Amino acid sequence: MTKPFILDLVKRMSLREKAAQLTQLTPLYFGLDDDVDVTGPLGEKKLNAEDIKHIGSVLGVYDAAKFMKLQRKHLQENPYGIPLLNMCDVTHGLRTIFPIPLAMACSWDMEAVRQSAVVAARESAYMGIHITYSPMGDVVRDPRWGRVMESPGEDTHLGSRFVEQMIAGYQGDDPRQPERVGVCFKHLAGYGAAEGGRDYNTVDLSRGVLREYHLPIYYAAVCAGAVMAMTSFNTIERVPATVNRWLLRDVLRGEWGFDGVVVSDFNAVDEVIAHGVAADGREAAAKSVAAGLDIEMMSTHYLNELDKLVAANQADEARIDESVIRVLELKDNLGLFDNPYKDCDPIKSEEVNLCPTHRQAAREVARKSIVLLKNDDGVLPLSKRGTIGLVGPFAESTKVLGGWWALGQEEEWVSLNEGLRKAAPRLEILAAMTGELARTRNGGDVADEVAYALYKLHPCDTVLVAVGEHPEDTGEACSKTSLQLSSNQRKLIQALSEAGKKIITIIFSGRPLELAEVHARSHAVVQAWFLGNESGNALADVLFGDYNPSGRLAMSFPRSVGQIPVYYNRLNTGRPQKSEADHDFVSCYLDSANAPLYPFGYGLSYARFEYSGLKLADEQSLTVAVQVENISDVDGIETVQWYIRDIAASVSRPVKELKHFEQVSLSAGEKKTLHMKLTNEMLAFYPETGSEKAFEQGLFEIMAGSHSESLTSITIFLK
Ligand code: BGC
């Protein structure tokens, strides 16, 4: 039931005022900064100063004092006393920066993921932020796309658990509570499937693929109580998501029962013109409002066209009122009509930002996000004594932000060098050819630098090589066609390898890179991603074995760009390859294996685990069990992964799908039995047509193991 005061407000508002309530603009338009003459920007958007008094939300005020000033001014000017909502991109922390989301997903530790959001929410709330544009739930199978760094990876089950915990961390039981913010999940839908990995490009997904792999993560966000949803830039079945009635009305509101607010992505209403489904802004506004879009972000077609559309009977005012009510209810649910500043408090904000507790939380999440990809001859963990070499552009760099770093500040970040020196003061570290991020891009001749590095590192047998992609090459609008390390970095690794060094390569990146050559030349490979403030400390924890690595890949690493898309839960094809040598009219490449270099779920520990005894332990409750033993002499954490394959069904089913995972600590020599209960939800799938999942009886393969390519299995008939 809508509260009477909200209905009354809507009754009193003019159509243009309502349209303004449904418009979101950046702070530039609010005349806050004395040095900015707003008349120019306002004119460009065909707005006047009167409109600004009625705008419903602001995009991106990351400053508590500034937000207080803005809200105060707005409340003085808005005749109805309607407060502004402040929405920001807090993606992996606000001031205390956590690992990029893809890295956090690699922790497979959902409590760690939740904690990161608790910290981000606390810092955001005191900063005057009400809504965070996070988490992103887009399934990603193409590392050429720069935004894979923001996603929880390629898997629907892991991604769903990830967004649930992010939402639980941000919103708690109720985003109205202190130190909580509301969540706007994004990008509905399928944005991660941009063709060729080129950002903003066409998406073409069959409905079955959309329903099986992509939609469930957004649905998980709805079930977790997210108060807002953002549409994606792309088309779904040739209709841009922002004006897609099927997606927004039938699926989101109809099937899923979502009653929150839907916002467009930045300028996306305007972009439906370029998509070619609206002739002009008026048609774009008409289609958006008819599809059920509530807030238009950064274009102003609602503001300029809705009144004309209603007058011409081309838009329904009752439908517009519905959106206004939703926005006002969101403000009310966040408590803004009672206290329009909510937690905004410049002093508290200073106190909590980057406080030691938050930094400690960031360090813990960061070390859990690191993935050990190779470790021959136990070259890791390192001894804290002796001499070691340290080279590469990331060795001393504090530029390890990745994309969307909010208010993270470079000087507050711990570099690898600093982390190593703090953790091992007695270790002699000889550094060479460090610090130049330009080396992460091609260009320039590094022969002399490499020669000098070799000379300087002469006394070291073992060298840490900190390489990767430039941090500004990851994130939105950062698509690439090559995922190789720059030629400069490859030359360095080659020279070290030819000089007979034991190479431990540490990769800083926001996406899976092509690491076949690195793998071949290195004794150990560590995937560091972009880890946040505590990067260097977290890496030192893992490299010295103070923390036994437990990260597992949330996204497959291709051998080469030519293999993309390469993901684990694929269909089988009619001519599957039986072995790598099998090239006889089967589905394969002549010049590459089909399998990725490092598969989904993969990651090493300093401990070793063995699986045995997988069986149907209880027929009644359909519980399967497996034994996992730590067969090494160090304690460790194993992520037990359960996969299912439906062997024959009315539609082709993936060769395996992750259905459950559990992290278990096992002391040296310890053995534990783990269980999974088979549920209808795990076994059912979307049939050829229709929106309801169905179970079909038959043979199912149940698999358990360390990663998607290392599994023990049994086959059982289920009815
Ligand atoms: C991105 C969104 C983001 C928005 C607001 C867009 O360009 O696609 O993910 O939330 O900008 O900053």
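Before reading on, note that the structure itself is shown above.
Notes on the structure follow. Note that the structure is a prediction, hence the values are computed from the model and not measured. (Residues numbered from 1 in each chain as written. Predicted model: local features only at pLDDT ≥ 70, side-chain atom pairs only at ≥ 80, totals over all residues. Heavy atoms only, no water.)

Let's talk about the sheet that holds strand β16 (residues 524–527)
- Taken in spatial order, the six strands of this open sheet run β11-β16-β15-β14-β12-β13, and their pairing is mixed. Looking along the sheet, the strands with just one partner apiece sit at the ends: β11 (371–375) and β13 (428–434). The average angle at which neighbouring strand axes cross in this sheet is 15°, direction not considered. (Pairing = 2+ DSSP bridges. Helix = DSSP H or I, 4+ residues; strand = E, 2+ residues; numbered from the N terminus. Axes fitted to C-alpha atoms, helices over the stretch in contact; angles between N-to-C directions.)

Brief notes about the pairing of β13
- β13 sits mainly inside the fold: six of its seven residues count as buried.
- In this region the chain leaves strand β12 (residues 387–392), passes through helix α17 (residues 416–423) and returns to the parallel neighbour β13; the handedness of that crossover is right-handed. (Buried < 20%, exposed > 50% of the residue type's maximum accessible area, 1.4 Å probe, protein only. Right-handed = clockwise from strand over helix to strand, strands pointing away.)

Let's talk about the site of the ligand
- Inspection of the region around the ligand gives 13 residues, with D89, R147, H187, D265 and E476 positioned closest.
- The side chain of D89 places a nitrogen or oxygen atom 2.5 Å from an oxygen atom of the ligand.
- Between an oxygen atom of the ligand and a side-chain N or O atom of D265, the distance comes to 2.6 Å.
- Protein burial of the ligand: of its 310 Å² of free accessible surface, 92% is covered by the chains.
- Here the shell around the ligand is composed, by residue class, of seven nonpolar, one polar and five charged. (Near = heavy atom within 4 Å. Polar contact = N/O pair within 3.5 Å; in protein donor to acceptor, adjacent residues only side chain to side chain. Areas by Shrake-Rupley, 256 points an atom, 1.4 Å probe, with all protein chains shown as cover. Nonpolar A, V, L, I, M, F, W, Y, C, P; charged D, E, K, R; others polar.)

So, helix α19 (residues 487–498)
- Its twelve residues place the ends of α19 16 Å apart at the C-alpha level, agreeing with the 16 Å of an ideal helix rising 1.5 Å per residue.
- Among the residues of α19, those classed as buried are N488, Q489, L492, I493, A495 and L496. With its buried residues spanning 160° around the axis, α19 presents them on a single face.
- Packed against the buried residues of α19 are β12, β13, α18 (447–456), β14 (462–468), β15 (502–508) and α20 (516–521). (Expected span 1.5 Å × (residues − 1). Arc of directions from axis to C-beta. Contact = heavy atoms within 4.5 Å.)

With respect to the state of the cysteines
- What the rule picks out here adds up to zero disulfides.
- Here C223 is not cross-linked by a disulfide; its sulfur's nearest cysteine counterpart is in C184, at 16 Å.
- In this structure C344 is a free cysteine whose sulfur lies 11 Å from that of C88, the closest cysteine sulfur available. (Disulfide = S-S within 2.5 Å.)

Regarding the side chain of S124
- With respect to the element layout, S124 can be found in helix α7 (residues 110–126).
- Leaving out residues up to four positions away in the same chain, S124 has contacts with V90, L94, I129 and V181.

Quick look at the packing of aromatic side chains
- Summed over the entire model, instances satisfying the criterion amount to 18 aromatic pairs.
- Taking 4.5 Å as the distance between ring centres and 10° as the angle between the ring planes, the aromatic pair formed by Y568 and F600 counts as stacked. Placement of the pair is Y568 in the loop between α21 (535–543) and β17 (609–618) and F600 in the loop between α21 and β17, with a sequence separation of 32 residues.
- Under the relative-accessibility criterion, Y568 is labelled buried at 2%.
- For F600, a relative accessible area of 0% puts it in the buried group.
- With a centroid separation of 5.9 Å and 10° between ring planes, the pair formed by F695 and F700 is classed as stacked.
- Cluster of aromatic residues (ring-pair linked, three or more members): W108, Y568, F600, Y643 and F661.
- R141 extends its terminal NZ or CZ atom over the ring of Y567, reaching a point 3.7 Å from the ring centre.
- For K186, the ring lying beneath its charged end belongs to W404, and the centroid distance is 5.3 Å. (Phe/Tyr/Trp six-rings, centres within 6.5 Å; stacked < 30°, edge-to-face > 60°. Lys NZ or Arg CZ within 6 Å of the ring centre and 35° of its normal.)

What to know about a nonpolar patch on the surface
- Taken together, the side chains of I647, L699 and F717 make up a nonpolar region of the molecular surface, amounting to roughly 280 Å² of accessible area.
- Turning to its location among the elements, I647 is positioned in the loop between β19 (636–646) and β20 (657–666).
- I647 gets classed as partly exposed once you look at its relative accessible area, which sits at 39%. (Patch = residues over 30% accessible without salt bridge, like charges linked within 9 Å, V, L, I, M, F, W, Y side chains within 5 Å. Salt bridge = Lys/Arg side-chain N within 4 Å of Asp/Glu carboxyl O.)

Some remarks on the pattern of salt bridges
- As enumerated under the stated definition, the model contains 40 salt bridges in all.
- Across the salt bridge formed by K368 and D109, the nearest N and O atoms sit 3.0 Å from each other. Here the residue K368 occupies a position in helix α16 (residues 356–369), and D109 occupies one in the loop between α6 (101–105) and α7, the gap between them amounting to 259 residues.
- Residue R207 pairs with E237 through a salt bridge whose shortest N-O separation is 2.7 Å. Of this pair, R207 sits in helix α9 (residues 207–223) while E237 sits in the loop between β7 (235–236) and β8 (239–240), and the two are 30 residues apart along the sequence.
- A relative accessible area of 32% places E237 in the partly exposed class.
- Among the charged side chains, a network of salt bridges with common partners joins R253, D294, R319, E322 and R326.

Brief notes about the nonpolar core
- In terms of nonpolar packing, the biggest core is built from 213 residues, with F185, M228, L252, L539 and L543 touching the most fellow members.
- Of all the elements, α7 adds the most residues to this core, at eight residues. (Core = buried A, V, L, I, M, F, W, Y, C linked by side-chain atoms within 4.5 Å.)

Some remarks on the packing of α16 against α21
- Where α16 contacts α21, the axes come no closer than 8 Å and their chain directions differ by 50°. In terms of orientation, α16 and α21 fall into the oblique class. Relative to α21, the crossing made by α16 is right-handed. For the pair formed by α16 and α21, the contact residues are R363, A366 and R367 on the first element and N537, A538, D541 and V542 on the second.
- Of the residues assigned to the contact of α16 with α21, the class counts are three nonpolar, one polar and three charged. (Parallel < 35°, antiparallel > 145°, perpendicular 65-115°, else oblique. Left-handed = near helix turned anticlockwise from the far one by under 90°.)

Examining unusual backbone geometry
- Following K186, the chain continues to H187 via a peptide bond in cis, the omega torsion being -10°.
- Assignment of secondary structure puts H187 in strand β5 (residues 182–188).
- Along the chain, L380 connects to P381 via a cis peptide bond; the corresponding omega equals 0°.
- Looking at the secondary structure, you find P381 in the loop between β11 and β12.
- Of note in this structure, Y200 is not a glycine but carries a positive phi near 70°.
- With respect to the element layout, Y200 can be found in the loop between β5 and α9.
- The residue N267 is not glycine, and still its phi comes out positive at about 70°.

Honestly, it's all geometry; don't read function into it.
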